[in-house]
Amino acid sequence: MDANKRQRYEKISIELTRLAGGRENIQGVAHCATRLRIVLKDNDQADLKAMENVDLAKGVFVAGDQVQIIFGAGLVNDVYEVFAEHNNMKNMSLSDLKTVASKKMNPLQRIIKALSDVFVDIMPGILAAALLTGLSGVLGNFEIVRENDTLYGINRLINISSGAIFGFLPLAVAYSACKRFGGRPILGIVIGCIMLSNSLADAYAAAQGTVEVTTLHIFGLGVDLVGFQGGIIVALLMGFVTAKLDQFFEKKVPEVIRLLVSPLLTTLTGALLLFTLIGPAGRGLSSGITNALVWMTQNLGVFGYAVFSGLQQLVVITGLHHIFGAIEAQLLADTGRNFINPLMSVAIIAQGGAVLAYMVRHRKNMKVRELCIPSFISVLFGITEPALFGINLRYRFPIIGGCIGGAFGGVVVYLTNLAAVGFGTTVVPGIALADPAGNGYVNYVIAHGVAIAGGFIMTLILGKFMDQATEEPSQSQASGQEAEADASIEDAAVQEAQQPVEIPRQESFFGYAQGQMIRMEEVKDETFANKVLGDGVAVIPDTGHVYAPADGTVRNVFDTRHAICFESVCGTEILIHIGVDTVNLQGKYFHAHVGEGDVVKQGQLLISFDKEQIKKAGYDTVIPMIFTDLPEDRRLEISAPGAVDTNRVAAVIHKQ
């Protein structure tokens, strides 16, 4: 690191330390491929808004208990080195940082985080069931489907498939919960099988009184042999209990008989607790939650709906929204209709309306447009965190306008008796889940139209009184941008002097992994999806190999080997990042086949990784390729999504 750069990074470190509330407020610091991650004793002492204007910073947000400052690939390593040295924390690892962060969570936060983790693993199955249910409902409305034997048969199979997934959802929840809480997942599956055993009376039939229920007497307690179909909360509790029993018996049973006795005791004890204590308690809790929600809709009427949809996005800010998945599943199991889904959906789209209104008020500000447009696109797919934390909450009045718009949408949901036949997806994809009864699809569109219009109009009105932001960048922001621009010009000049290259009119980048190519907006990480580091494309890999997308030079292979910086022969800089948050693996399951400075050919193997082990560890293996520093005179064109390998062009850069 040369003296000029170090001096610049020292200034950044001094400024960040001051804005973080001083050294005494910093508990830990680490970094991943693109972000400097800081844990503070008290986030309220930090000036997060001012941090956004720090030299070279591309964005700031809080994730969990970490303040994350986006600097970009390569640069973050140098900034971290100086910042950590400045605060005497240079030897702290990312795992150490996570340990520090977890200590700040209160019990409620830990519970919510655990619930979220449980449903993350099984969400693909839930989404599949929900969308299949919606598709079956749509097809069933067409007379040609009902009259044509083949179409009817296909629709019938779709209906069976969706019902089967929901029918065995308690088993999936027990499996995922047992895995999340440290037990052997197979024991969670065993408990799930017991809950749904054919030897038990069907729970739905028992509730209707159409089947005879056998009652056993154990320790003086009457135990009804009724299954737990739809028992999502019971499955959550049993997954947790099974994991703890497994851990307990693995420690207490002598090693010589542990393999046979430990799972036996875990399963037997878990089954006894299921039927005598946890099952009845879980059923009571489930019934109480469902009855309370149904009571709200029946007794509070339109007011109850409006309050829920108006305040739901404030719940998202706290992280408590993750529990709605279990409640929705229980509501569907008990009533067959889910009124929470459309209420959440109109609340989401209303925040999108607020984003659009803020962008209209600041339409001359290029930085605002760059932030608002991708945030709104995320909202269309039910993801509001970029909009909430990047715009609405940050400027205050848009969040208020969005909440009011959400309440308007909730009124329409009530008046039209709108509900869903599944859960797990909202807004544009969520229309497939709408109950078609009573013009459900039309009402779904109307409710969302009212919500987005309400959020848009109310934000415009509130902005006249509450928007104090100027459309021009502040002096400190402008100076930071000028300094960054000057540095970029200097770096470009040095590169041009060292290696003059005639840039062609068109430069092609081929598939760098075998699999399914998707758009960057579909990546389940807001930094990538919002293109904070730059535009690009992503691949859901079929194999554990990453190849060079073009001829060029390896500029940097991260110590954790989960990311690599590459420069094409024409000087185009790209970052290939394997997975989301896989920096936490600290290099485990990754193997680099090249090193810094290596000259490679298109299609040459760069990094191999164990895709299955990474997925088992709970990480998304999607591989984004980001063009981090495209000049203004070059335009990026992304190929259409679909199957990709090293023979297919993934992206093309055109010289304008």
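Residues numbered from 1 in each chain as written. Predicted model: local features only at pLDDT ≥ 70, side-chain atom pairs only at ≥ 80, totals over all residues. Heavy atoms only, no water.

J.: Would you explain the overall build of the chain in this entry?
T.: When you go through the chain residue by residue, the secondary structure sums to 22 helices and 20 strands. By the burial criterion, 48% of the 656 residues in the chain qualify as buried. Partitioning the contacts of the chain with sequence separation of at least 6, the portion at a separation of at least 24 is 73%. On the chain, roughly 30400 Å² of surface is accessible, and the fraction owed to carbon and sulfur atoms is 58%. (Helix = DSSP H or I, 4+ residues; strand = E, 2+ residues; numbered from the N terminus. Buried < 20%, exposed > 50% of the residue type's maximum accessible area, 1.4 Å probe, protein only. Contact = heavy atoms within 4.5 Å. Areas by Shrake-Rupley, 256 points an atom, 1.4 Å probe, with all protein chains shown as cover.)

J.: Can you help me understand the packing of helix α14 (residues 340–361) against helix α19 (residues 440–466) in this one?
T.: The description of two packed helices rests on the angle between their axes and on the distance between the axes. Relative to each other, α14 and α19 sit at 40°, their axes nearing to 7 Å. One finds that α14 runs oblique with respect to α19. For the pair α14 and α19, the sense of crossing is right-handed. For the pair α14 and α19, contact is made by S345, V346, I349, A350, G353, A354, L356, A357, Y358, V360 and R361 and by Y444, A447, H448, A451, I452, G455, F456, T459, L460, G463 and K464, respectively. Tallied by class, residues from the contact of α14 with α19 come to 14 nonpolar, 6 polar and 2 charged. (Axes fitted to C-alpha atoms, helices over the stretch in contact; angles between N-to-C directions. Parallel < 35°, antiparallel > 145°, perpendicular 65-115°, else oblique. Left-handed = near helix turned anticlockwise from the far one by under 90°. Nonpolar A, V, L, I, M, F, W, Y, C, P; charged D, E, K, R; others polar.)

J.: Explain the pattern of salt bridges to me, please; I cannot follow it from the model alone.
T.: Scanning the entire structure with this criterion turns up 12 salt bridges. The closest approach of N and O atoms between D581 and R37, which form a salt bridge, is 3.3 Å. Linking D581 in the loop between β13 (573–577) and β14 (590–592) with R37 in strand β2 (residues 35–40), this pair joins segments that are 544 residues apart in sequence. The class of D581 is partly exposed, set by a relative accessible area of 31%. (Salt bridge = Lys/Arg side-chain N within 4 Å of Asp/Glu carboxyl O.)

J.: Would you mind going over the sheet that holds β13 with me for this structure?
T.: Strand pairing in a sheet takes place through backbone hydrogen bonds and is either antiparallel or parallel in direction. Pairing is antiparallel across the open sheet formed by 8 strands, whose spatial order is β15-β11-β12-β13-β17-β9-β8-β19. Only two strands of the sheet have a single neighbouring strand rather than two, namely β15 (599–600) and β19 (642–644). With 5 bridges connecting them, strand β8 (residues 515–519) and strand β9 (residues 536–541) associate as antiparallel partners. Of the residues in β9, the one forming a bridge with M517 is V539. (Pairing = 2+ DSSP bridges.)

J.: In this structure, what is going on with empty space enclosed by the protein? I would like to understand it.
T.: Over the atoms, a rolled probe matching the size of one water molecule traces out where space is still vacant. Under the counting rule described, the total for this entry stands at 1 cavity of 30 Å³ or more. Taken as a whole, the largest cavity spans an internal volume of roughly 70 Å³. In terms of lining residues, the largest cavity is bounded by 13 residues, among which C32, R35, R37, H577 and D581 are the most central. By residue class, the composition of the lining of the largest cavity is 4 nonpolar, 5 polar and 4 charged. (1 Å grid on protein atoms, 1.4 Å probe; cavity = no way out; pocket = protein on both sides within 12 Å on 5 of 7 lines; lining within 4 Å. Points joined across faces, edges and corners; volume = space filled by probe spheres on them.)

J.: Quick question: what am I supposed to make of the sheet that holds strand β7 (residues 506–510) here?
T.: With antiparallel pairing, 3 strands are arranged side by side in an open sheet as β7-β20-β18. Edge strands, defined here as strands with exactly one partner in the open sheet, are β7 and β18 (634–638). Pairwise comparison of adjacent strand axes, ignoring direction, gives a mean angle of 20° for this sheet. In this structure, β7 lies alongside strand β20 (residues 649–655), joined through 5 bridges in antiparallel fashion.

J.: Could you clarify how one ought to interpret unusual backbone geometry in this entry?
T.: What you tend to see is this: most non-glycine residues have negative phi, and most peptide bonds are trans. Positioned with a positive phi, N417 is a non-glycine residue whose angle comes to about 55°. Of note, N417 is situated in the loop between α17 (397–416) and α18 (427–430). One non-glycine residue, N439, lies in positive phi territory at about 60°. Mapped onto the elements, N439 comes out in the loop between α18 and α19. Look at N439 and you get exposed, because its relative accessible area is 57%.

J.: Looking at this model, I keep getting lost on the pairing of strand β4 (residues 66–70). Mind explaining?
T.: On a regular strand, one side chain projects to one face of the sheet and the next to the other, so that they alternate. Most of β4 is tucked away: 5 of the 5 residues are buried. Of the two faces of β4, the one lined by Q66, Q68 and I70 and the one lined by V67 and I69 are each fully buried. Two elements, β2 and β4, share 4 bridges in a ladder whose sense is antiparallel. Paired with L36 across the bridge in β4 is I69.

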